[in-house]
Amino acid sequence: MNIGEIAKRAGVSRSTVSYALSGKRSVSEETRRKIQRVIDELGYRPNASARALANGRTSTLGLVFPPAGNHYTGMQLDFIGSVVEAAAAYDYDVLLSPSGMDSDRSFQRLLAERRVDGAILMEIRLQDDRVDHLVAENFPAVCIGRTARSDDDWWVGLDHTALAAACVHHLADLGHRRIAFVNRPEHLLRAGYESAHRGLDGFTKAAAERGLTVRTYCCGDDAPSGQACMERILHDDPATTALVTLNEAALGGIYRGLAAAGRHVPRDFSVTGVVAARWAETVTPQLTAADVPAEQMGRLAVELLVERLDHPDAAPRHHLLAPPISLRASTGPAHPGTAA
């Protein structure tokens with residue numbers, strides 16, 4: 001079934017049907033009702049390509065989201081789900097592109113073929129050529145994360161600097177003096193991932209402010225890497241009594257490493273970090289953490305992008321979130337014999 005058949009049965013021209021569907025020109029109410037009756041009788045639904053040609057919109061948003069390694073982590077999947085759910089509320093579909101660089105073919109196709117009306121970018125780097133490319137093309141986009149120069153961008157961000165610092169202060173207030181930091185993988189830190197850099201910055205500055213002895217580690221996004229990292233921490237400084245992590249994918253391995261070393265959480269060792277609540281609650285004991293509000297961030301990003309699409313001349317807007325630490329069961333006072 002096509003527009004020509006609808007026009008024939010409604011007794012109008014093809015262009016009148018097209019105008020009625022796209023809203024580009026006014027059509028009398030009587031004619032519109034006549035066309036709608038035929039459409040309802042035939043169960044006609046215009047395909048996406050035809051609809052895009054008619055009204056200049058694809059009703060699809062792009063989600064440019066490279067996996068951290070060979071797979072998406074649990075937190076990354078939470079973000080994907082939040083964007084898809086929020087987009088559906090505005091009647092948008094979501095097209096996922098795993099592009100980490102503007103030279104990636106997937107990213108180039110997204111722009112060159114105008115497959116989407118706008119894009120949400122994730123895993124943002126401090127210097128991000130994808131963001132620069134979209135700005136140069138005047139392509140509507142919103143970042144989940146922020147570059148080093150973000151004042152003129154549209155974004156939703158998590159204040160990793162403040163959150164990592166809050167974790168340090170929480171541990172210091174409990175009497176911990178020797179603390180480790182478990183970051184994201186080394187290749188992400190080298191690539192300039194903003195969460196890894198800003199979290200490290202917040203950790204080191206807060207530790208210096210409190211006069212703590214600290215060591216920092218990069219860790220792969222998986223449980224075996226977490227266990228190996230925990231073994232390395234205790235080997236490098238057996239007197240370490242606590243750690244802060246940004247790496248939720250390594251969390252299970254960190255716990256296993258502590259158990260293998262005979263360290264009870266939280267009696268002998270405290271663990272905290274910046275982790276989505278769903279993942280903080282899957283470990284035993286549950287993790288005291290600054291909970292990453294993935295659902296809220298995905299929803300805010302979609303709302304900003306829809307606003308940008310509906311109001312192309314609007315001034316850039318952004319949200320910087322800093323949720324409080326949720327006290328659960330993984331932190332406690334430093335053991336008297338190891339607090340010094």
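Starting from 1, residues in each chain are numbered consecutively following that chain's sequence as written. A pLDDT threshold of at least 70 governs which residues receive local features in this predicted model, and a stricter bar of 80 or more applies before side-chain atom pairs are shown or counted, although totals over entire chains, interfaces and linings include all residues. Side-chain measures were taken over the full set of non-hydrogen atoms in the model, leaving aside hydrogen atoms and water.

As recorded by an unreviewed UniProt entry, the chain carries the name LacI family DNA-binding transcriptional regulator and is attributed to Streptomyces lanatus.

Time to look at the pattern of salt bridges. Salt bridges, as used here, are contacts in which a Lys or Arg side-chain nitrogen is within 4 Å of a carboxyl oxygen on Asp or Glu. Scanning all chains against the criterion turns up 18 salt bridges. Asp129 serves as the salt-bridge partner of Arg125, at 2.9 Å between the closest nitrogen and oxygen. You can call Arg125 buried: its relative accessible area is 6%. Judged by its relative accessible area of 23%, Asp129 falls in the partly exposed class. Notably, a salt bridge pairs Asp221 with Arg184, separated by 3.2 Å at the nearest N-O pair. Residue Asp221 is located in the loop between strand S7 (213-218) and helix H11 (223-236), and its partner Arg184 is located in the loop between strand S6 (178-183) and helix H9 (186-191); the two are separated by 37 residues in the primary sequence. Type-normalised accessible area, obtained with a 1.4 Å probe on protein chains alone, sets the label of each residue: buried when under 20%, exposed when over 50%, and partly exposed for intermediate values. Starting at the N terminus, helices and strands are each numbered in turn, a helix being any DSSP run of H or I of at least four residues and a strand any DSSP run of E of at least two.

This next bit is on the packing of helix H6 (residues 105-112) against helix H7 (residues 129-137). Axis lines are fitted to C-alpha atoms, over the contacting stretch for helices. Their N-to-C directions set the angle, which ranges from 0 to 180 degrees. At a minimum axis distance of 12 Å, the contact between H6 and H7 shows a crossing angle of 15°. Our classification of the angle between H6 and H7 gives roughly parallel. With respect to the hand of their crossing, H6 and H7 are arranged in right-handed fashion. The residues of H7 that touch H6, namely those facing Phe107, Gln108 and Leu111, are Arg130, His133 and Leu134. These descriptions rest on fixed angle ranges, namely under 35 degrees for roughly parallel, over 145 for roughly antiparallel, 65 to 115 for roughly perpendicular, and the rest for oblique. Take the far helix as the reference: if the near one is turned anticlockwise from it by less than a right angle, the crossing is left-handed, and if turned clockwise, right-handed. Only heavy atoms matter for contacts: two residues are in contact if any of them lie within 4.5 Å across the pair.

Following both chains from N to C, one finds helix H1 (residues 3-10) and helix H3 (residues 29-42) inclined at 120°, their axes separated by 9 Å at the closest point. If you check the angle between H1 and H3, you find them oblique. Regarding H1 and H3, the two cross each other, and that crossing is right-handed. Facing H1, whose interface residues are Ile6, Arg9 and Ala10, H3 presents Lys34, Ile35, Val38, Ile39 and Leu42. Charged residues are taken to be Asp, Glu, Lys and Arg, nonpolar residues to be Ala, Val, Leu, Ile, Met, Phe, Trp, Tyr, Cys and Pro, and polar residues to be all remaining types, Gly included. Among the residues forming the contact of H1 with H3, the class breakdown is six nonpolar, no polar and two charged.

A separate point is the environment of Asp129. For Asp129, the location among the structural elements is in helix H7. In the structure, Asp129 is positioned 28 residues away from Met101 in sequence and 6.6 Å away in space, judged by C-alpha atoms.

Ring pairs are drawn from Phe, Tyr and Trp, using the six-membered ring of Trp, whenever the two centres fall within 6.5 Å, and their geometry is named by plane angle: stacked under 30 degrees, edge-to-face over 60, tilted for the rest. Across all of its chains, the model carries two aromatic pairs by this definition. Aromatic pair Phe181 and Phe203: ring centres 4.7 Å apart, planes at 25°, arrangement stacked. Taken together, the positions of Phe181 in strand S6 and Phe203 in helix H10 (residues 194-210) put the pair 22 residues apart, joining distant regions of the chain.

Residues spaced three or four apart along an α-helix face the same direction, because each turn holds 3.6 residues. Turning to H7, its buried residues are Arg130, Val131, His133 and Leu134. Taken down its axis, H7 places every buried residue within 160° of arc, on the same side. Of the exposed residues in H7, those oriented more than 90 degrees away from the buried face are Val135 and Ala136. Asn138, located one to two residues past H7, shows a positive phi value of around 55°. Think of the arc as the fan of directions from the helix axis to the C-beta atoms.

Right, let's get into the domain arrangement of the chain. How far each domain reaches was decided by an automatic or database domain assignment. The assigned domain composition of the chain is domain 1 (3-46), domain 2 (60-158 + 294-321) and domain 3 (160-292). Domain 1 and domain 3 are separated by 61 Å when their C-alpha centres are compared.

Further remarks concern the pairing of strand S1 (residues 60-64). By the criterion of burial, S1 is predominantly enclosed, with five of the five residues buried. Pairing geometry for S1 and strand S2 (residues 93-97), over five bridges, is parallel. Opposite Gly62, over in S2, you have Leu95 as the bridge partner. Taken together, the four bridges between S1 and strand S3 (residues 118-121) define a ladder with parallel strand orientation. Note on S3: the bridge partner recorded for Gly62 is Ala119. Here, strands pair whenever DSSP counts at least two bridges between them.

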